[in-house]
Amino acid sequence: MEAGGLPLELWRMILAYLHLPDLGRCSLVCRAWYELILSLDSTRWRQLCLGCTECRHPNWPNQPDVEPESWREAFKQHYLASKTWTKNALDLESSVCFSLFRRRRERRTLSVGPGHEFDSLGSALAMASLYDRIVLFPGVYEEQGEIILKVPVEIVGHGKLGEVALLASIDQHCSTTRLCNLIFMPAWFSPIMYKTTSGHVQFDNCNFENGHIQVHGPGTCQVKFCTFKNTHVFLHNVPLCVLENCEFVGSENNSVTVEGHPSADKNWAYKYLLGLIKSSPSLLPTEDSDFLMSLDLESRDQAWSPRTCDIVIEGSQSPTSPASSSPKPDSKAGSQEAEVGSDGERVAQTPDSSDGGLSPSGEDEDEDQLTYRLSYQVQGPRPVLGGSFLGPPLPGASIQLPSCLVLHSLQQELQKDKEAMALASSVQGCLIRKCLFRDGKGGVFVCSYGRAKMEGNIFRNLTYAVRCIHNSKIVMLRNDIYRCRASGIFLRLEGGGLIAGNNIYHNAEAGVDIRKKSNPLILCNQIHHGLRSGIVVLGNGKGVIRNNQIFSNKEAGIYILYHGNPIVSGNHIFKGRAAGIAVNENGKGLITENVIRENQWGGVDIRRGGIPVLRSNLICFGYSDGVVVGDEGKGLIEGNTIYANKGCGVWMMSSSLPHVTSNHVSYNGLYGVAVFSQKDGSSEFPGGHGAQENFSEDGDAILWETELEKEDDPLRRPLTIALVESNSINHNGASGLYVQSSEALQVITNVIHANGDRGITVAQSGQLTRVANNSISCNRQSGVKVEAQCKVELRGNGIYDNRGHGIITKGDSTVVVENDIIGNRGSGLQLLPRSDTKVLKNRIHSFRAYGIAVRGRAKALVQENIIFQGKSNKTIFQQISNNRECIMQNNKFLVLKKKSDTWRLVNPPARPHLENSLRGPSAAHSGQKVTAMATRITARVEGGYHSNRSIFCTIL
C-alpha cells in the first residue's frame, strides 16, 4: 500500500483509533484498504469485541483463555445475532398496505432511573412505542405487579453487568423483545421472571437468579452470553430456541427442560433463527478435528495409538512354533527318546514338529533308521485378521488390523451413514451450544416427544448431564461430560437420537445409560475412566453402539442385561478394570468387529441367560480369559480372534449352552477352550461382573419388565448341548481343550494344534463328550487324554505328530471309532488299567512305540483296525498281562517288506474330512474382511502365567 508513502505498520496504528462505522467506510475505499482493515484482527477488532457491553469473550464460558480464529468474524456474528429481534420490523415495512400509511420515525430512547425521565420500568413501558429503546441506569428496580409487554421494545442496562438489577415478572404479549445487560431476579409474588407464548425474545449478556423462564410454542427465544444461577429454563413445544455461550450454575432441578414436540405453528422469527444457525461456524467434525481428537486421546493413554501404521509383529517367532510360555518338561541333554510320565503318558524331549505339509513321522531321526514312510497331511492353524498369521506375543508386539477393525473418524462415519448425517445436520426444537452446565442437579431434560440438539457444551459436577425420555430425540455433538454423580447421559421410554464425538469420563455411574426400548445411535465417542460401566443397556433397551473408544472404566466397558439388545460394532474397548463386554440377566446383543484388549477380567463375559451374538471380534492381551461363558450363559460365539490372553481363550462354566464356532484361539496362557462344571460360589461375583447392580435413576430399587420381545432371531438357534465347532485352537499354554464337566458336550471339526500340553484333556465327563472330525496335531504331550469315569466318543479325528501318545484313556466308557492316529511320539493308543474302551475301524501308527498298548487289567474291544508297523525293535501291539477282557477281532497289521515302500492313507483319505465343515463367519460378514487399511495395537505383554485354573476363577 503506497497511500501517502506510509508503511503498513503506521497505517494500522492510525486506523486502530477508528470507531466501527468509520472502519466500515474505510473498507469500502478499495481492495487494498479492505485488506488493511482485515489485518487489524488482533488489535482493533479484538478491542471492539471485548469492549462491547452486550457480549463477552467469544469462547466464554468454556474456553475464555482461547482466542477465536478471527476476532472480526466473532464480532460480526454477535452483531448480526443482536439484530435478529428487529427483523420483524423489516417485514412490517415491506408490507404494501402498511407502506401507504406509515410515517417514518426514529427509535426513541427512554431513560429510567433517579434523575431521569422515568422512575420505573412500568411507567416507561406505558409511554413506549414500537421498537423504542429503554435504558435502565444503575440501580435496583422492583416491580410490584406483573409487567405485560404489549409493544416490541428493547430494554438495556446502562454500565457494567451487575449494576442494574430488575426484580419483576414479565409476560410478553408482543411479537418481539430484546433484553440486554441486566440482572433478573424473581418478584415477591411469582418465581416466573419471564414468559412468552407466541412472540420472540432475545437475551444478551444477562444474569438470571433463582427463578424460572418459560417459552411456549410457537414462541421462540435466542439467549447468548447469559448466566443462570439456580434458574430453570422451560421450553414447551418450541419450534426453535437457541442458547449459546451460556453458563448454568447450581440448579436444584433441571437447568433446561425441553418438553413436547416442536410446534408446527411457527412465528416470524423461526426463519431468521434458522438462517443465523446455518451461517454460524459449524461444529460438525472435519478430518483435522478428528485428528486432533485422536492426539488428545494419545496424550491421556500413551499406550494407545489408533491411527499409526506399523509392522505386523516385531521380532516374533514363526507363527507355527509352540507358545514361548508353554510349560516344558524336564529332559536330559541329548535325549531323543520319549520318557514315560505319570499314568504312563509320554512326554516328548525333541524339538517341535512341523505344523503342516508332508510329515515323515519322526523328522528328527536319520533316514537310515526309518523302516517305512507314511504320507499324510497335518492341519495347521489357519490365517486370521485378513489373511495373516499371528505369531507369539512379545513385549511391544503389534498387530496389523483389517480395515473392518480400524477406528474411523466421525466425519467418515457420517459420510457413510446418511441417516446419521441427517440427524447431525438437523436443527429442531432447542439448540444448545458452547454452554457450561456445572455444580447442580441436572443439565438438560428432554421429554414427551421433545427435540434438542447440544453441541460443544461442557457438563460437569452434576447429578446427571442429559436425560431423554418419552419418545424424545436428542443430538449430542462434541460435548464434554464428566464428574456426574449418576449416569452422564440417560435414555428411557423410547428415547433416541445421535450421540457422537463426545468425551464422557469420570462419572459415578454409567457414561451412557439406555433402557426401556430407547434406541440411540452412539458413534465415535470417548467413554473412559468411569467409576462404573462405560455404557449400560438394559430393560429392553436397544441402540447402535459403533466406533467408540471405551477404556479404563472400573466395571464392564459395555454392560447388557435385562433383555437389552444393542448392536455393538467397530468399538475399541480396552484397559477396563473388569470385563470388556458383559452380557447378563437375559441380555442379548449383536457384538461384531470390535477390538477388546487388555481388560482385567474376561474380554467378553456371558452368564445368567445372556444370549448374544459375538462375531468377528479381536479379543486379545487380556489379563484374564478371552471369553467367559458362565452359569446359564448362551449365545453364538463365531469367527472371533481370541489371542494372547493370560488366562484361557474361552472359559465355559456349568449349565452354559454356547455355540462356539469358527474362532481362532491362539497363544493364550492357559487352555485354549476350558469347560468346567464347578459350582463353588461361582454365582457370587464382584461388582460389574455379574453382581446385582443398582440401575435405578436415583439409587432406589426398581422392578423391571421381564417380558421378552416377540421375535424370531435366526442368529440365536436354540441348543440343548454346548457345541465347540470348527475352531482353530493353537499354541496355547496348556491343553487346547480341557473338559471337566458333568454335562454333555460336542467338539466337532476343530483344528487343535501345537498347544503347550495335550490337545484335548477330558478330566471329568458325567455325560457323553463327543469328539468328532477334529484335527489334533503337534501338541506338546498326548493328542487326547481321557481320565477315569469319563464318557467319551472319539470319531473321525486325525491325531497326528503329538509328542506323547495319540490317545491315552482310563475312562470307563470310551469309544474310539474311525480315527487316524498317526505319527505320535508315544503309542498310538494306550489303554490304562480299569479303562473300558471300544476301538473300532481306526488307522493307527506310532513310529517309536506301539500301535496299541494295553496296560494292566484294561477292558477293551479292538476290532477292524488297521495298525501300521513302527520301529523294527517294537511290536505293533503290546499287552502287559494276560488279559482276557481285551478282545482282538479282525484287525489288519501292516509290515513293510521293502525300505523304499510308502504307505498312503486312502479310501478314505486322511482324516478329518474338513473340506465341507471348516467355515468362517457367516457369508454376510465375510465379504467385509478386506485389508486395504491397517493400524497398530501396541500392547504390554508380561511374562509368566497363572496355574492351570482360570484367572477369573482364581480371583473368585
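Computed from a predicted structure; not experimentally measured.

Student: Give a description of the environment of Ala860 that names residues and reports values.
Tutor: With respect to the helices, strands and loops of the structure, Ala860 is situated in strand β75 (residues 859–863). Put simply, Ala860 and Thr814 are 46 residues apart on the chain and 9.4 Å apart in space, counted from C-alpha to C-alpha. When residues no more than four places from it in sequence are discounted, the contact partners of Ala860 are Leu831, Thr837, Glu885, Cys886 and Ile887.

Student: Describe in detail the packing of helix α2 (residues 20–27) against helix α3 (residues 31–38), supporting the description with residues and values.
Tutor: For the pair α2 and α3, the least separation of the axes is 7 Å and the interaxial angle reads 140 degrees. One way to sum up the angle between α2 and α3 is to call them oblique. Between α2, through Leu23, Cys26 and Ser27, and α3, the contact on the second element is made entirely by Trp33, Tyr34 and Ile37. Across the contact of α2 with α3, the residue classes break down as 5 nonpolar, 1 polar and no charged.

Student: Before we move on, could you go through the pairing of strand β62 (residues 760–765) and cite the residues and values that matter?
Tutor: Bridge count between strand β59 (residues 737–741) and β62: 5 bridges; the pairing is parallel. Paired with Tyr738 across the bridge in β62 is Thr761.

Student: Help me get a handle on the pattern of salt bridges, residues and values and all.
Tutor: Here the structure, examined in full by the defined rule, presents 26 salt bridges. Between Glu413 and Arg546 there is a salt bridge, and its shortest N-O distance comes to 2.8 Å. Taken together, the residues span a long stretch of sequence, with Glu413 in helix α11 (residues 410–416) and Arg546 in strand β39 (residues 544–546) at a distance of 133 residues. The two residues Glu413 and Arg546 agree in class, both being buried.

Student: So what about a nonpolar patch on the surface? Which residues, and what values?
Tutor: The grouping of Leu6, Leu10, Met13, Ile14 and Tyr17 at the surface amounts to a nonpolar patch, some 500 Å² of accessible area in total. Mapped onto the elements, Leu10 comes out in helix α1 (residues 8–15).

Student: Please set out unusual backbone geometry residue by residue, giving values where relevant.
Tutor: At the junction of Trp60 and Pro61, the peptide bond is cis and its omega measures out at 0 degrees in the coordinates. Among the structural elements, Pro61 can be located in the loop between α4 (41–51) and α5 (71–82). Residue Pro912 is bonded to the preceding Arg911 through a cis peptide linkage, with omega at 0 degrees. Position of Pro912 among the secondary structure elements: in the loop between β80 (902–904) and α13 (923–926). Phi angles above zero are rare outside glycine, and Asn461 is one such case at about 55 degrees.

Rules of the game
Residues numbered from 1 in each chain as written. Predicted model: local features only at pLDDT ≥ 70, side-chain atom pairs only at ≥ 80, totals over all residues. Heavy atoms only, no water. Helix = DSSP H or I, 4+ residues; strand = E, 2+ residues; numbered from the N terminus. Contact = heavy atoms within 4.5 Å. Axes fitted to C-alpha atoms, helices over the stretch in contact; angles between N-to-C directions. Parallel < 35°, antiparallel > 145°, perpendicular 65-115°, else oblique. Nonpolar A, V, L, I, M, F, W, Y, C, P; charged D, E, K, R; others polar. Pairing = 2+ DSSP bridges. Salt bridge = Lys/Arg side-chain N within 4 Å of Asp/Glu carboxyl O. Buried < 20%, exposed > 50% of the residue type's maximum accessible area, 1.4 Å probe, protein only. Patch = residues over 30% accessible without salt bridge, like charges linked within 9 Å, V, L, I, M, F, W, Y side chains within 5 Å. Areas by Shrake-Rupley, 256 points an atom, 1.4 Å probe, with all protein chains shown as cover.

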